[in-house]
Amino acid sequence: MARGKFEHESAGGELARLYATGEAGPGVVVFHPWWGLNDDVTAYADRLADAGFSVMAPDLVRGRQAATIEDAERIAASVDQPHADAVALAAIDRVAALAGAAPIGAVGFSLGAAWAVWCAAKRSSIGASVAYYGTLQGPSLASASVPVLGHFAEADPYEPDESV
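Rules behind the numbers
- Along every chain, residues carry numbers that run from 1 in the direction the sequence is written.
- In keeping with the model being predicted, local features are shown solely for residues with a pLDDT of at least 70 and side-chain atom pairs are shown and tallied solely at 80 or more, while totals for entire chains, interfaces and linings include all residues.
- Hydrogens and water are ignored here; the side-chain numbers use all heavy atoms of the structure.
- By definition, two strands form a pair when at least two bridges between them are found by DSSP.
- Strands here are runs of E lasting at least two residues and helices are runs of H or I lasting at least four, both read from the DSSP assignment and numbered beginning at the N terminus.
- We call a crossover right-handed when, viewed with the strands running away from us, the connection from the first strand over the helix to the second turns clockwise.
- What makes a salt bridge here is a side-chain nitrogen of Lys or Arg within 4 Å of a carboxyl oxygen of Asp or Glu, nothing more.
- Partly exposed residues are those whose accessible area sits between 20% and 50% of the maximum for their type, while under 20% is buried and over 50% is exposed, using a 1.4 Å probe and protein chains only.
- Polar contact is defined as a pair of N or O atoms within 3.5 Å, subject to the rule that within protein one atom must be able to donate a hydrogen and the other to accept it, and that residues adjacent in sequence are counted only when both atoms are side-chain atoms.
- Any two residues whose heavy atoms approach within 4.5 Å at even a single point are treated as in contact.
- Pairing of aromatic side chains requires ring centres within 6.5 Å, counting the rings of Phe and Tyr and the six-membered ring of Trp. Pairs whose planes differ by under 30 degrees are stacked, by over 60 edge-to-face, and all others tilted.
- Lines fitted to the C-alpha atoms define the axes, with helices restricted to the stretch that makes contact. Angles between their N-to-C directions range from 0 to 180 degrees.
- For this classification, under 35 degrees means roughly parallel, over 145 means roughly antiparallel, 65 to 115 means roughly perpendicular, and everything else is oblique.
- In this scheme the crossing of two helices becomes right-handed for a clockwise turn of the near helix relative to the far one and left-handed for an anticlockwise turn of less than a right angle.
- Here the nonpolar group is Ala, Val, Leu, Ile, Met, Phe, Trp, Tyr, Cys and Pro; Asp, Glu, Lys and Arg are the charged ones; every other residue, Gly included, is treated as polar.

Participant: Please give an account of the pairing of strand S6 (residues 126-132) that cites residues and values.
Facilitator: Bridge count between strand S5 (residues 104-109) and S6: six bridges; the pairing is parallel. For Ala106, the partnering residue across the bridge sits in S6 and is Ser129. A crossover links S5 with its parallel partner S6, the connecting element being helix H4 (residues 111-122), and its sense is right-handed.

What follows is the structure, encoded as structure tokens:
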């Protein structure tokens, strides 16, 4: 059973959906995989809240959810990057406001792993990032100065060795 609730936050000139759970305390932003902000993600956020964290899980894909790999591939291929970036930053800023001066963490799964790494280069409030089965290349890696922990499969057709 979900502990948190879906709320809306202004991001990029529109209202974006996010899942909020936990009381004021150390903050974590959880970025969903290509399946969308589904029950698995909200359950993970609730487990973090049960451990004492204030958690926000932003919906980067405007409520879309996938049940098949083909649907997930379509969602991932059609991400509105400016919208997703704005939603990610709004969620980070909201968690950071709850956490006060304490650094917050970012966790991303698959598609969301890129935002977990990217946000550390965009917001100084991020103290560490964890990426599960996803990568990001480019200047964000060099711009961030926080620890990044990556978890990867031995063989992943979506993340070639060169990306990892």
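Participant: Before we move on, could you go through the pattern of salt bridges and cite the residues and values that matter?
Facilitator: All chains considered together, the criterion is met by nine salt bridges. Arg94 is paired through a salt bridge with Glu7; the nearest N and O atoms lie 2.0 Å apart. Of this pair, Arg94 sits in helix H3 (residues 81-99) while Glu7 sits in strand S1 (residues 5-11); the two residues are 87 residues apart in sequence, bridging distant segments of the chain. Residue classification places Glu7 among the buried positions, given a relative accessible area of 17%. Members of the salt-bridge network, linked through shared partners, are Lys5, Glu7, Glu9 and Arg94.

Participant: Lay out the side chain of Thr21 with the relevant residues and their values.
Facilitator: With respect to the element layout, Thr21 can be found in strand S2 (residues 14-21). What makes Thr21 buried here is its relative accessible area of 4%. Side-chain polar atoms of Thr21 contact the backbone nitrogen of Gly4, separated by 3.5 Å. Within the structure, Thr21 has its side chain in polar contact with the side chain of Asp46 (distance 3.0 Å). When sequence neighbours within four positions are dropped, the list of residues in contact with Thr21 reads Arg3, Gly4, Ala45, Asp46, Ala49, Phe53, Ser54 and Val55.

Participant: Describe the packing of aromatic side chains, and please don't skip the residues or the numbers.
Facilitator: For the structure on display, the rule yields three aromatic pairs. Consider the rings of Tyr44 and Phe109, whose centres lie 5.1 Å apart with planes at 85°: the pair is edge-to-face. With Tyr44 in helix H1 (residues 39-50) and Phe109 in strand S5, the pair connects residues that are 65 residues apart, well separated along the chain.

Participant: I'd like to hear about the environment of Gly127, residue by residue, with values.
Facilitator: Mapped onto the elements of the fold, Gly127 is located in strand S6. Relative accessible area serves as the criterion here: at 27%, Gly127 is assigned to the partly exposed category. Considered as a pair, Gly127 and Ala106 are 21 residues apart in the sequence and their alpha carbons are 8.2 Å apart.

Participant: Tell me about the packing of H3 against H4, and please be specific about residues and values.
Facilitator: At a minimum axis distance of 11 Å, the contact between H3 and H4 shows a crossing angle of 70°. As summarised for this structure, H3 and H4 are arranged roughly perpendicular, according to the angle between their axes. Note on packing geometry: the crossing formed by H3 with H4 is right-handed. Judged by residue contacts, Gln81, Ala84, Asp85, Ala88, Leu89 and Ile92 of H3 engage Trp115, Trp118, Cys119 and Lys122 from H4. A breakdown of the residues in the contact of H3 with H4 according to their chemical character gives seven nonpolar, one polar and two charged.

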